[in-house]
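Observations on the model geometry
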Amino acid sequence: MSSRVEVLLGRTLGIGVAVSTVLLAIGLVMTLTVGGPVAGGLLNAGLLVLMGTPMTRVLISCVEYIRERDWFFAISGIAVLLVLAVTVWQATR
Amino acid sequence: MPVSLLAIAGVIGLGALGGMFGALLGLGGGVFLVPALTLVYGLPFRQAAGIGLMTVIATSSVVSAQRAGDGTINLRLGIVLEIATTLGGLAGGLTAQALSQRTLRVTFGMVAIAIAIVMFRQVKKRTMLRQGYVDPGWLGGEYFCEEHRQVLTYRVRRLPLALAVSFVAGNVSGLLGIGGGILKVPALTTWCGVPLRVAATTSSLMIGVTAAASAPLYYTAGDIPPTYAAASVLGVMMGTRAGFWIAARASSQWLKLLLGLVLVFVALMMVVRA
């Protein structure tokens, strides 16, 4: 896989963690000051974005391997996504 | 649950310490944060582990975002081993819901001892020299080694063994809320022919998705208290920056020794309390 993709994956991770940091920081400050459902919502949104960040990274690399017709690694990526799907299914059951 | 400002500040501080050690030594930081949260703050072990997993995801994402493009992350090897680590993470996350707090603490103690032993043995270790051209095969790769000022190629050997170790590391991660990189990296370097730098960066990429394979289980079970988790993650973000800054300026040998000792202490505390 080219270094262009590596940079794209790195940027995805960087953006995800930055968004979640901002959500968590605002949520935390609000929890300590005004409280209320919005504060809790921001905290939970921040945690969900954080959990979704590495999942998105795998999804993007999967798409890239499919585009490059690199089937072994595409299937590996799909297998990882399947495991993550089982986790989410088990968690929400 | 009323959460005081002081308690939050304390958790941010603990997160920062964990993140700093993590960045300095290539650990997820969870191995320090989880015992601190359960021993100092008296959180149930599962909540400490759940928070630990969130900090592992944050650390992994930050480190990988910084490393991406410098050619030391082996994405192909990463995605293959991630099949094993995420399966391990899922299994560990499911098992953790069924085990008692006492069992989890004892397990943590034993794993911390194992990590300390690895750390003591690594104190004097350096990257091994490998000269000449090696056929990288389908999983290997090449990277620029700063120490030797040249591009080195390497081949991944004993893939089944790497997969097995990755599964165990993922399992430990999902069970205890730590990254598990310290268990994978020595195996990849000594048994599978992966250079230390490549093993470390590829491992730090993998621990994020590994933790993400068990964190949702903790989240929906209510074992990730949002305020403490947010405070820890923010602390870790600050701590990793400090850690990178120090790492660029200091030798880590004495630090490894010191932290190995801290780990032994933490392990004993965990077992005694259990």
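Residues numbered from 1 in each chain as written. Chains lettered and ligands numbered in written order. Predicted model: local features only at pLDDT ≥ 70, side-chain atom pairs only at ≥ 80, totals over all residues.

A tally of regular secondary structure across chain B gives eleven helices and two strands. Each helix and strand of chain B, ordered N terminal to C terminal, gives the series α-α-α-α-α-β-β-α-α-α-α-α-α. Taken across its 274 residues, chain B has 59% of its residues classed as buried. Restricting the contact set of chain B to residue pairs at least 6 apart, pairs at least 24 apart contribute 79%. (Helix = DSSP H or I, 4+ residues; strand = E, 2+ residues; numbered from the N terminus. Buried ≥ 20, exposed ≤ 12 C-beta atoms within 10 Å, placed from the backbone. Contact = placed C-beta atoms within 7 Å.)

With that settled, consider the overall build of chain A. What chain A contains, in helices and strands, is three helices and zero strands. Listed N to C, the secondary structure of chain A is α-α-α in terms of helices and strands. Counting only C-alpha atoms and orienting by the principal axes, one finds that chain A spans roughly 50 × 35 × 10 Å. When contacts within chain A are restricted to residue pairs at least 6 apart in sequence, those whose partners lie at least 24 apart make up 44%.

Where burial is concerned, most of helix α2 (residues 30-39) of chain B is hidden: nine out of the ten residues are buried. Of all the positions in α2 of chain B, only G30, V31, F32, L33, V34, P35, A36, L37 and T38 of chain B are classed as buried.

Here we take up the interface of chain B and chain A. Taken together, the contacts link 43 residues of chain B with 43 residues of chain A. Looking at the side of chain B that touches chain A, the elements that each hand over two or more residues are α1 (5-25), α3 (45-67), α4 (75-98), α8 (196-212), α9 (215-220) and α10 (226-247) of chain B. Among the elements that make up the side of chain B that touches chain A, the one with the highest residue count is α4 of chain B (ten residues). Within the side of chain B that touches chain A, the residues separate by chemical class into 31 nonpolar, ten polar and two charged. (Nonpolar A, V, L, I, M, F, W, Y, C, P; charged D, E, K, R; others polar.)

The next thing to look at is the environment of G174 of chain B. All names here are of chain B. By the secondary structure assignment, G174 is in helix α6 (residues 159-176). Residue classification places G174 among the buried residues on the basis of 32 C-beta atoms within 10 Å. When the C-alpha atoms of G174 and Y219 are compared, they prove to be 13 Å apart, with 45 residues separating the residues in sequence. When neighbours within four sequence positions are excluded, G174 is seen to be in contact with G88, G89, L90, A91, G92, G93, A96, A213 and S214.

Backbone geometry at R69 of chain A places phi at a positive 55°, although glycine is not the residue there. Mapped onto the fold, R69 of chain A is located in the loop between α2 (37-67) and α3 (71-92).

All names here are of chain B. For α3, with 23 residues, the first-to-last C-alpha span of 32 Å sits near the 33 Å given by 1.5 Å per residue. Most of α3 sits out of view: 22 of its 23 residues are buried. Remark: G69 follows α3 within two positions and exhibits a positive phi of approximately 95°. (Expected span 1.5 Å × (residues − 1).)

Take the nonpolar core next. If you look at the biggest cluster of nonpolar residues, it comprises 115 residues, and the most contacted ones within it are M54, I57, A112 and V233 of chain B. With twelve residues, the top contributor of residues to this core is α3 of chain B. Apart from the residues within four sequence positions on either side, M54 of chain B is in contact with L47 and L50 of chain A together with A215, I224, A229, S232 and V233 of chain B. (Core = buried A, V, L, I, M, F, W, Y, C linked by C-beta atoms within 7 Å.)

The next thing to look at is the environment of G14 of chain A. All names here are of chain A. Along the polypeptide, G14 turns up in helix α1 (residues 3-32). Residue class for G14 comes out partly exposed when judged on the 17 C-beta atoms lying within 10 Å of it. G14 sits 39 residues away from T53 along the chain, and the two C-alpha atoms are 8.9 Å apart.

This paragraph deals with the packing of α2 of chain B against α3 of chain B. All names here are of chain B. The interhelical angle for the contact between α2 and α3, taken along N-to-C directions, is 150°, at an axis separation of 9 Å. As far as their axial angle goes, α3 and α2 are roughly antiparallel. As for how α2 packs across α3, the hand of that crossing is right-handed. Contacts between α2 and α3 involve G30, L33, V34, L37 and T38 on the former and, on the latter, F45, A48, A49, I51, G52, T55 and V56. (Axes fitted to C-alpha atoms, helices over the stretch in contact; angles between N-to-C directions. Parallel < 35°, antiparallel > 145°, perpendicular 65-115°, else oblique. Left-handed = near helix turned anticlockwise from the far one by under 90°.)

We now examine the environment of V34 of chain B. All names here are of chain B. Take V34: it is sitting in helix α2. Classification of V34 as buried rests on a count of 32 C-beta atoms within 10 Å. As a C-alpha pair, V34 and L217 span 183 residues in sequence and 17 Å in three-dimensional space. Those residues within four positions of V34 in sequence are excluded, and the remaining contacts are A48, A49, G52, F108, L176, G177 and I178.

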